[in-house]
Amino acid sequence: MPVPKLVLAGIAAATAVVGGVMAAKSYREQGKQEQRVHDFNAEVSDRNAKVAEIESEQIKRVSDFEIAEWNKEANRLQDSQRLAYGKLGWQMSGSPLAVMADTANRIEEEKNIRTYNAAVSSDRKIEEGVQQRLQGQLSTLYGQQARAAGSMKARTSLLGSATTLFKSFATA
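The residue count restarts for each chain, going from 1 along the sequence in the order it is written. Owing to the predicted nature of the model, reporting of local features is limited to residues with pLDDT of at least 70; listing and counting of side-chain atom pairs is limited to 80 or more, with chain, interface and lining totals taken over all residues. Remark: hydrogens and water are excluded; side-chain values derive from all non-hydrogen atoms of the structure.

Turning next to the overall build of the protein chain. Starting at the N terminus, helices and strands are each numbered in turn, a helix being any DSSP run of H or I of at least four residues and a strand any DSSP run of E of at least two. Across its full length, the protein chain carries 2 helices and 0 strands. Just to be clear, the radius of gyration here is over C-alpha atoms, and the globule rule we use is 2.2 Å times residues to the power 0.38. Computed over its C-alpha atoms, the radius of gyration of the protein chain comes to 37 Å, more than 25% above the 16 Å expected for a compact globule of 172 residues. If one aligns the C-alpha atoms of the protein chain with their principal axes, the spans along those axes are about 130 × 20 × 20 Å. Each residue's exposure class comes from its accessible area (1.4 Å probe, protein chains only) as a fraction of the maximum for that residue type: buried when under 20%, exposed when over 50%, partly exposed otherwise. Within the protein chain, buried positions represent 22% of all 172 residues. Using the Shrake-Rupley algorithm and a 1.4 Å probe, accessible areas are obtained, with residue cover drawn only from the displayed protein chains. Total accessible area on the protein chain stands at roughly 12,000 Å², and carbon and sulfur atoms take up 60% of it. Of the charged side chains in the protein chain, 23 are positive and 20 negative, and the gap between their average positions amounts to 13 Å. None of His or the chain ends enter the tally, which takes Lys and Arg as positive and Asp and Glu as negative. Where a charge sits is defined by one atom per residue type, namely NZ (Lys), CZ (Arg), CG (Asp) or CD (Glu).

Laid out in structure tokens, this is it:
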């Protein structure tokens, strides 16, 4: 005995509905999972931004220490020059004075270079932190879009199933 056309249409419709519901659930879950991945990436970026800020502060501290040590060393050099010229009985004028002035200028120049280099390194770390924060915000946005896309695919799947259901009964 042949199966009535209406029964076959009902089976086809039920299968389409079940498949659509399963696909909708899968799309929603996929969107949630993608959002979790992007949220994790955003957290990592935020952490990296904090690390970059800490590194920037560390660069400043180390630089301040190194410059202080450099100043001590420079002062010892200048003291040695004065002592040497004094022991030789030279007056602090003319060539000895020019040499000491040149030494002072070089010391100041070196200090300025070190200060500048430390500031540039620190600024690079700060910029790295800003970039990491922006990347984190972008990851959060991607996660929200992935979740929304999953929801949209789920709705589309359910609508497609409903359409198949109605077509099945309309043609039966």
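Let's shift gears to the environment of Ala-118. Checked against the element boundaries, Ala-118 lands in helix 2 (residues 95-171). Separated by 41 residues in sequence, Ala-118 and Leu-77 have C-alpha atoms that sit 24 Å apart.

With that settled, consider the side chain of Ser-122. Looking at the secondary structure, you find Ser-122 in helix 2. In this view, Ser-122 contacts Ser-56, Ile-59 and Lys-60; residues no more than four positions away in its chain are not counted. Throughout, a contact is declared for two residues whenever any of their heavy atoms are within 4.5 Å.

Its place among the elements puts Ala-101 in helix 2. Sequence separation of Ala-101 and Gln-78 is 23 residues, and the distance between their C-alpha atoms is 9.6 Å.

Before going further, it helps to examine the pattern of salt bridges. What counts as a salt bridge is simple: a side-chain nitrogen of Lys or Arg found within 4 Å of a carboxyl oxygen of Asp or Glu. If you walk through the whole model with that rule in mind, you get 10 salt bridges. Between Lys-125 and Glu-55 there is a salt bridge, with its nearest N and O atoms 2.7 Å apart. With a gap of 70 residues between them, Lys-125 in helix 2 and Glu-55 in helix 1 (residues 5-87) connect regions that are remote in the sequence. Residue classification places Glu-55 among the partly exposed residues on the basis of a relative accessible area of 31%. In this structure, Arg-82 engages Asp-79 in a salt bridge whose closest nitrogen and oxygen atoms are separated by 2.6 Å. Residue Arg-82 and its partner Asp-79 are located together in helix 1, separated by 3 residues, close to a single helical turn. The exposure class of Arg-82 is partly exposed, given its relative accessible area of 39%.

With that out of the way, let us pick up the packing of aromatic side chains. Think of it this way: a Phe, Tyr or Trp ring, Trp meaning its six-membered ring, pairs with another when their centres are within 6.5 Å, and the plane angle makes it stacked under 30 degrees, edge-to-face over 60, tilted otherwise. According to the stated counting rule, one finds 0 aromatic pairs in the structure shown. Counting as a charge over the ring demands two things of the Lys NZ or Arg CZ atom: a distance within 6 Å of the ring centre and an angle within 35 degrees of the ring normal. We note Arg-114 situated over the ring of Trp-70; from NZ or CZ to the ring centre the distance is 4.5 Å.

In this section: helix 1. The span one expects for a helix is its residue count, reduced by one, times 1.5 Å. Taking 1.5 Å per residue as the helical rise, helix 1 with its 83 residues ought to reach 123 Å, and the 120 Å between its terminal C-alpha atoms agrees with that figure. With its phi angle positive at about 80°, Gly-89 sits one or two positions after the end of helix 1.

In this section: the side chain of Ser-139. Following the sequence through the fold, Ser-139 ends up in helix 2. Not counting chain neighbours up to four residues away, the residues in contact with Ser-139 comprise His-38, Asn-41 and Ala-42.

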